[in-house]
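Coordinate analysis (summary)
Read off the chains here:
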Amino acid sequence: MTAISHSPAQNAIVSKWDDTAAAHMSEPELLLYRSNLLGSDLRVTNFGGGNTSAKVKMKDYLTGEEVEVLWVKGSGGDLGSIKLDGFSTLYMSKLQALKSRYRGLAHEDEMVDYLPHCTYNLNPRAASIDTPLHAYIPKAHVDHMHPDAIIAIAACADSRRLTEVIFGGQLGWLPWQRPGYDLGLKLEALATAQPQLKGIILEGHGLFTWGDTAKSCYETTLAMIRLAEQWLAENVRQPVFGGARTGVLAAEARADVAARLMPALRGRIGQAERKLGHFDDSAAVLEFVCSRDLPALAALGTSCPDHFLRTKIRPLVLDFDPASPDVDALLAGLDGALEAYRADYAAYYERCKRPNSPAMRDPNPVIYLIPGVGMLSFAKDKATARIAAEFYVNAINVMRGANGVDTYVGLPEQEAFDIEYWLLEEAKLQRMPKPKSLAGRVALVTGGAGGIGQAVARQLLAEGACVMLTDIDGAALEEARQSLLKVAGKDNVAAAQGDITSEAQVEALLAATSLRFGGLDILVSNAGIASAAPLEDTTLEIWNRNQNILVTGYFLVSRGAFRLMKQQKIGGSMVFVASKNGLVASAGASAYCTAKAAEIHLARCIALEGAAVGVRVNVVNPDAVIRGSRIWDGKWKEERAASNKIETDDIEEFYRQRSMLKLSVLPEDIAEAVYFLASDKSGKSTGNVLNVDAGNAAAFTR
Ligand SMILES: [Zn+2]
């Protein structure tokens, strides 16, 4: 075990504004440029957080008159990657006219329905809830950011006085208020009353800054964040978080604990809806989870609304002593810890709910903190789980700053509830597209570098699964991973080189899958080789190679997957990619055919034992999938051609003509069958064999 100390990066945020690049940009383009620059640095604003705007003179499409149009980041998206179509555009005159419709704070939510009536140029981008905040600040260019350093000050008990001390009258201050129409009017009133201000700090929330030009607005935003960072660096008490309470396990041991813990948690919180996990043991996280202040600070909850919408108001701190690490005891304590958390969450819901509140949502934690090990997060997809972890790191940064200079304050419980169960947020959730058929599922595909392996991975990814690819050939595997990254996001694809005939490597592969995604739901056992030789010429080496890969390898991977699935207690599906030759004896390939027959029988045996724990096992039998095949690339093609007395180049046509349907079988055809058996569409099938061979009477099952 080692001690950990982490200090956030000390290099100051610098302006990336390029006058040459900006010289010929229109005002909307300058807004876009500024937004992308701001969004490119997580210290300036968190992922998906904050928004920017510009009030631009434009021609009215109907009258040709010059009108003032508010360009403001629309609902959804991230500033770092936003494009021009991510901004909504609204007539300023109409936004001003809205003031006459406002009936007071109790009715502010209804103002959201008026926003579409203010749209300029039929822009389909929905205006965000923050639109009035930008509209009513009487400045041409406005930034609203969530910088950790500013929120640290905004989340201090004494934040109003500290704002004065640090910014010396450059920034105003407004007490906590949920973002909405009324806050827009408050910002307007303060900015109008104190025209010398460069911006306003919102208590427990973030920063507003403005300027007469896009560039001056950008520079002011950075200058204010720099001031905050510098002041915190000079004033935060050491050691932070009250110093270390525990040591830290070595990196490998941390990963081991997480890999065992994640499937156990995933099964317990994923009964209703599968979740994906993310592990973070960065220095900032370790410093916090090993600190004396961990229990007290974690209990206070996060402050910025953006933070807790992603992380839930509180994390679950698990009881673990890295000085005498006992993972079995940790696992044994999970049920109790989760039950207590859920009961606590239900009590919070009951205390705070209003007559029209939406029904209670999933009461399970999103963030899990383990002393000496790190942080886990779980969400409905991998990107959401990763982003939740990033948000909690934002929250840790805020607590480090706030608690280091003053007393950190979380958001009042009722305020947090009103945001979490805000009807406008609920409406956003209801608008989310229906999840894909394999959403929340984790698949492991062996032989992932080959044609069938890649086609299977592509299909599972397209249906919403996360995929761990493995192959013995590291270079080909990396090529396959790169090609899959082009069709699926970086969150959903991973690869680990490994030899399925090695017990240790298979165990490591399954642990890597758990660590990367949280567990396992689908195993596609597809690694393969082929050989052809008359019996007399079949060497023991050829025989053993077929047995090792096609039988022992399949046994090792499925045994490991079975144990993992059983531990998760949410079932699973295994699909073996075997061969027609497992059912039909073929002269001159006894080693291969025998191994394939054993493979099919192994699947049936596991299906018997798997049924009791909801694990289904089925087989897809391809025949003559030549295109993209790494097996058919080599000697096998020549061997089969020779044995069938034809030219190598004619082999595809030969097999097509041999099939009943006179069709070639492609990797995508196998992928379709694997997907069917892997998904809930085949939820009542186990122990089956599905032939995908364009018709072969000898292979008919019976
Ligand atoms: Zn905000």
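Report on the accompanying structure. (Residues numbered from 1 in each chain as written. Predicted model: local features only at pLDDT ≥ 70, side-chain atom pairs only at ≥ 80, totals over all residues. Heavy atoms only, no water.)

As for the overall build of the protein
Using the following cut-off: Helix and strand definitions follow DSSP, with helices as H or I runs of at least four residues and strands as E runs of at least two, each counted in order from the N terminus. Here the term buried applies to any residue with accessible area under 20% of the maximum for its type, exposed to any over 50%, and partly exposed to those in between, with areas from a 1.4 Å probe on protein chains only. The criterion used for residue contact is that any of the two residues' heavy atoms lie within 4.5 Å.
Scanning the protein from N- to C-terminus turns up 25 helices and 18 strands. Taken along its principal axes, the extent of the C-alpha atoms in the protein is 95 × 70 × 50 Å. Every one of the 702 residues in the protein was classed for burial, and the buried ones make up 54%. For the protein, contacts bridging at least 24 residues in sequence account for 75% of all contacts bridging at least 6.

Topic: the pattern of salt bridges
Put simply, the rule reads: Only one rule defines a salt bridge in this text: a Lys or Arg side-chain nitrogen within 4 Å of an Asp or Glu carboxyl oxygen.
Overall, the coordinates contain 29 salt bridges when judged by the stated rule. Asp-328 serves as the salt-bridge partner of Arg-260, at 2.8 Å between the closest nitrogen and oxygen. Taken as a pair, Arg-260 in helix H9 (residues 251-269) and Asp-328 in helix H13 (residues 327-332) lie far apart in primary sequence, 68 residues in all. Of the residues examined, Arg-260 reaches a relative accessible area of 38% and is grouped as partly exposed.

Some words on the sheet that holds strand S9 (residues 316-317)
Put simply, the rule is: We call two strands paired when DSSP finds no fewer than two bridges between them.
An order of S8-S11-S10-S9 is seen for the 4 strands of this open sheet, with the pairing classed as mixed. Looking at strand neighbours, the two that pair on one side only are strand S8 (276-280) and S9, the edges of this open sheet. Sheet analysis places strand S10 (residues 367-370) next to strand S11 (residues 374-379), joined by 4 bridges and oriented antiparallel. Pairing of Ile-370 across the sheet is with Gly-374, part of S11.

Some remarks on the packing of aromatic side chains
For clarity, the threshold we go by: Side-chain rings of Phe, Tyr and Trp, where Trp is taken by its six-membered ring, are said to pair if the distance between their centres is within 6.5 Å; with planes under 30 degrees apart they count as stacked, over 60 as edge-to-face, and otherwise as tilted. Geometrically, a lysine NZ or arginine CZ counts as sitting over a ring once it is within 6 Å of the ring centre and also within 35 degrees of the ring normal.
In the structure shown here, the tally under the stated rule is 16 aromatic pairs. With a centroid separation of 6.3 Å and 50° between ring planes, the pair formed by Phe-288 and Tyr-392 is classed as tilted. Placement of the pair is Phe-288 in helix H10 (residues 283-289) and Tyr-392 in helix H15 (residues 382-405), with a sequence separation of 104 residues. Each member of the pair Phe-288 and Tyr-392 is classed as buried. Feature note: the residues Tyr-345, Tyr-348, Tyr-349, Phe-417 and Tyr-421 constitute an aromatic cluster, connected by ring pairs. Sitting above the plane of the Trp-422 ring, Arg-178 keeps its charged end 4.3 Å from the centroid.

Section: the nonpolar core
Note the cut-off: Grouping buried Ala, Val, Leu, Ile, Met, Phe, Trp, Tyr and Cys residues that are joined through side-chain atoms within 4.5 Å yields what is termed a nonpolar core.
Ranked by size, the top nonpolar core spans 61 residues in total, and within it Phe-167, Phe-288, Leu-369, Tyr-392 and Met-399 carry the most contacts. Among the elements that take part in this core, H15 stands out by supplying 10 residues, more than any other. Contacts of Phe-288, omitting those with residues within four sequence positions, involve Phe-241, Leu-294, Leu-297, Ala-298, Leu-369, Tyr-392, Ile-396 and Met-399. Grouped together as the second largest cluster of nonpolar side chains are 44 residues, Ile-549, Leu-556, Val-557 and Val-689 included.

Some details on a nonpolar patch on the surface
As a reminder of what qualifies: Patches here: salt-bridge-free residues with over 30% relative accessible area, like charges joined within 9 Å, nonpolar side chains (Val, Leu, Ile, Met, Phe, Trp, Tyr) joined within 5 Å. Accessibility throughout is a Shrake-Rupley quantity obtained with a 1.4 Å probe, and a residue counts as covered only by protein chains that appear here.
Taken together, the side chains of Met-660, Leu-661, Leu-663 and Phe-700 present a nonpolar region at the surface, about 430 Å² in accessible area. Within the fold, Leu-661 resides in the loop between helix H24 (651-658) and helix H25 (667-678). Its relative accessible area of 57% is what places Leu-661 among the exposed residues.

With respect to the coordination of the zinc ion
A metal bound by six donors in octahedral fashion has ideal angles of 90 or 180 degrees, whereas one bound by four tetrahedral donors has an ideal angle of 109.5 degrees. Short version of the rule: Coordination here is defined by N, O and S atoms within 2.8 Å of the metal (3.2 Å for Na, K and Ca), and since water is not considered, a site can look incomplete.
The protein atoms that coordinate the zinc ion are His-144 (NE2), His-146 (NE2) and His-205 (NE2), at distances spanning 2.0 to 2.1 Å. For the zinc ion, the single-chain donor residues occur in sequence as H-x1-H-x58-H. Here His-205 lies in the loop between strand S6 (199-202) and strand S7 (206-211) and His-144 lies in strand S4 (residues 141-145), a separation of 61 residues in the sequence. For the pair His-144 and His-205, one class covers both residues: buried.

Description of the packing of H9 against helix H20 (residues 503-517)
The following threshold applies: To obtain an axis, a line is fitted to C-alpha atoms, over the contacting stretch when the element is a helix, and the angle between two such axes runs from 0 to 180 degrees between their N-to-C directions. Here the word oblique covers every angle except those under 35 degrees (roughly parallel), over 145 (roughly antiparallel) and from 65 to 115 (roughly perpendicular). All residues other than Ala, Val, Leu, Ile, Met, Phe, Trp, Tyr, Cys, Pro, Asp, Glu, Lys and Arg, Gly among them, are scored as polar; the first ten of these are nonpolar and the last four charged.
The interhelical angle for the contact between H9 and H20, taken along N-to-C directions, is 75°, at an axis separation of 8 Å. Relative to H20, the element H9 is oriented roughly perpendicular. For the pair H9 and H20, the contacting residues are Ala-255, Ala-258, Ala-259, Met-262 and Pro-263 in the first and Ala-511, Ser-514 and Leu-515 in the second. Broken down by class, the residue content of the contact of H9 with H20 amounts to 7 nonpolar, 1 polar and no charged.

A short note on unusual backbone geometry
Residue Gln-238 is joined to Pro-239 through a cis peptide bond whose omega torsion reads -10°. Looking at the secondary structure, you find Pro-239 in the loop between helix H8 (214-235) and H9. We note that Asn-121 has phi near 60°; this positive angle belongs to a residue other than glycine. With respect to the helices and strands, the residue Asn-121 is situated in the loop between helix H3 (92-97) and helix H4 (131-135). On the accessibility criterion, Asn-121 (40% relative accessible area) is partly exposed.

Brief notes about the environment of Leu-115
Along the chain, Leu-115 falls in the loop between H3 and H4. With 37 residues separating them in the primary sequence, Leu-115 and Asp-78 have C-alpha atoms 21 Å apart. The contact partners of Leu-115, leaving out residues within four places of it in the chain, are Leu-90, Leu-95, Leu-98, Ala-127, Ser-128 and Thr-131.

Some words on the pairing of S6
What counts is decided by this rule: For a crossover, the right-handed case is the one in which the path from the first strand over the helix to the second runs clockwise, viewed with the strands pointing away from the viewer.
Alternating residues of S6 divide into Gly-199 and Ile-201 and Ile-200 and Leu-202, and every residue in both groups is buried. Note: strand S5 (residues 171-174) against S6, 4 bridges, orientation parallel. Among the inter-strand pairings, Leu-171 is bridged to a residue of S6, identified as Gly-199. In this fold, the crossover linking S5 to S6 by way of helix H7 (residues 181-193) has right-handed handedness. For S6 and S7, the ladder comprises 4 bridges, and the chain directions are antiparallel. Directly across from Ile-201, in S7, lies its bridge partner Leu-207. The hairpin turn running from S6 into S7, its antiparallel successor, is 3 residues long, and Gly-204 in that turn takes a positive phi close to 65°.

Overview of helix H18 (residues 451-462)
As a reminder, the rule being used: Multiply 1.5 Å by the residue count of a helix minus one, and that product is the helix's expected span.
Here H18 contains 12 residues, and its C-alpha end-to-end distance of 17 Å stays within 8% of the 16 Å for a straight helix at 1.5 Å per residue. Burial in H18 covers these residues: Gly-451, Ile-452, Gly-453, Gln-454, Ala-455, Val-456, Ala-457, Gln-459, Leu-460 and Leu-461. Just beyond H18, the residue with positive phi is Gly-464, at close to 105°.

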